[in-house]
Amino acid sequence: MTYYAGIDVGSTATKAVVVDGTGRSLGSSITPTGVSGSEAARSVFREALERAGAGRRDVRSIVATGYGRELVTFADARVTEITCHARGAYERIEDPFTLIDIGGQDTKAVSVDSSGRVERFLMNDRCAAGTGRFLEVMARILETDLVHLAAMALDAARGVKINNMCTVFAESEVVGLLARGAPREEIARGLHRGVAERVGNMAKRVGLRGAIYASGGVAQNLAIVASLSDFLGREVAVIADPQLNGAYGAALVALDGA
Ligand code: ADP
């Protein structure tokens, strides 16, 4: 049997997906990128192969993507995240759609037409606001983790408005709110709303064509998806295996090129 692999070296997490000749996903793996993107890439590739029951020699082509794609020296090609995310989502959607990818340290909005072509995209990789990193820092200040922070936000009847979305200023603002006795749930809700507004505004600038989908690790956070739907006034669906979408798309790009 012949296999194709996609490896997505993100700033926070490294992902691999192995597909067969029909594009069916057979095995995947996720690990923190840590200090060595190349080591993380080798490790997820090995594990995804094992889970797919595939041997290294049966892999016909490997495509690397993500912020650290140049580190994957054993890949046959390197392709941008925008192309790979669009390709992964297109496999499941086919109609024109807008994809909002929220990762650990960057966010992208991509508009894709009915033939899978990327029409427009925007990316924020300069600022932690509007990424998973922002929520991680805020979870620490509220002495909780990401999963509980999201659960608190979903439980809150209302949110406190957070005025500063710059991580450093937001940190002081949250400390001040806690000191004044604001409920943690309401702060959590306000923080999710703030991220959703930032990300949602970027998606609006791209054009919100067709149905709206979310991908990336942060799409697993239902409070973000709910806040984003609320802010945009439109349903936001989560793509299957959202954190693997870029690696899956990279594997499909490898297959397309074979
Ligand atoms: P990147 O490709 O930029 O490295 P990912 O798309 O892999 O990022 O997303 C990683 C981020 O997803 C983490 O930083 C974390 O904030 C977030 N994340 C992962 N799993 C969850 C979860 N179950 N709930 C909320 N956030 C999550």
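The structure under discussion appears in the preceding block.
What counts, and where the lines are drawn
Residues numbered from 1 in each chain as written. Predicted model: local features only at pLDDT ≥ 70, side-chain atom pairs only at ≥ 80, totals over all residues. Heavy atoms only, no water. Core = buried A, V, L, I, M, F, W, Y, C linked by side-chain atoms within 4.5 Å. Buried < 20%, exposed > 50% of the residue type's maximum accessible area, 1.4 Å probe, protein only. Helix = DSSP H or I, 4+ residues; strand = E, 2+ residues; numbered from the N terminus. Near = heavy atom within 4 Å. Polar contact = N/O pair within 3.5 Å; in protein donor to acceptor, adjacent residues only side chain to side chain. Areas by Shrake-Rupley, 256 points an atom, 1.4 Å probe, with all protein chains shown as cover. Pairing = 2+ DSSP bridges. Axes fitted to C-alpha atoms, helices over the stretch in contact; angles between N-to-C directions. Expected span 1.5 Å × (residues − 1). Arc of directions from axis to C-beta. Phe/Tyr/Trp six-rings, centres within 6.5 Å; stacked < 30°, edge-to-face > 60°.

Caption draft 1: Inspection of the nonpolar core at higher detail. Residues I100, F134, M138, I187, L191, L228 and L232 are the most contacted members of the largest nonpolar core, which totals 43 residues. If you list the elements that add at least two residues to this core, you get β6 (97-102), α3 (132-141), α4 (146-155), α5 (167-179), α6 (184-206), β9 (211-215) and α7 (222-232). Among the elements that line this core, the one with the most residues is α6, at nine residues. With 19 residues, the next largest nonpolar core counts Y3, L49, A54 and A75 among its residues.

Caption draft 2: Here's a closer look at the site of the ligand. If you check the shell around the ligand, you find 17 residues, and the closest are T12, A13, K15, E136 and Q243. At a separation of 3.3 Å, an oxygen atom of the ligand approaches a polar backbone atom of S11. Within the backbone of A13, one N or O atom sits 2.8 Å away from an oxygen atom of the ligand. Coverage of the ligand by the protein chains reaches 83% of its 580 Å² of free accessible surface. Elements supplying a minimum of two residues to the shell around the ligand: β2 (13-20) and α3.

Caption draft 3: Seen up close, the environment of R57. By the element assignment, R57 lies in the loop between α1 (37-52) and β4 (59-65). You can call R57 exposed: its relative accessible area is 84%. Put simply, R57 and T2 are 55 residues apart on the chain and 9.0 Å apart in space, counted from C-alpha to C-alpha.

Caption draft 4: Region of the structure containing the sheet that holds β9. On the basis of which strands lie adjacent, the open sheet formed by five strands has the order β8-β7-β6-β9-β10 and mixed pairing. The open sheet has two free edges, formed respectively by β8 (118-124) and β10 (236-238), since each of these has just one partner strand. Here the strands of the sheet are splayed against their neighbours by 20° on average, with no regard to which way each runs. The pairing of β6 with strand β7 (residues 107-112) spans six bridges and is antiparallel. If you follow I102 over to β7, its bridge partner there is T107.

Caption draft 5: Layout of α1. A rise of 1.5 Å per residue sets the reference length of α1, with its 16 residues, at 22 Å; its end C-alpha atoms lie 22 Å apart and thus fit the reference within 8%. Those residues of α1 that sit buried are G37, A40, A41, V44, F45, A48, L49 and A52. Angular distribution of buried residues about the axis of α1 spans 160°; they occupy a single face of the element. Positive backbone phi, at 70°, marks G53, one or two positions downstream of α1.

Caption draft 6: Representation of the packing of aromatic side chains. Under the counting rule described, the total for this entry stands at two aromatic pairs. For the ring pair F45 and F74, a centre distance of 5.4 Å and an interplane angle of 25° mean the geometry is stacked. In this pair, F45 sits in helix α1 while F74 sits in the loop between β4 and β5 (77-78), placing the two residues 29 residues apart along the sequence. Assessed through its relative accessible area of 6%, F45 is described here as buried. Accessibility expressed as a relative area gives 16% for F74, which makes it buried.

Spatial relationships are all this shows, so hold off on functional conclusions.
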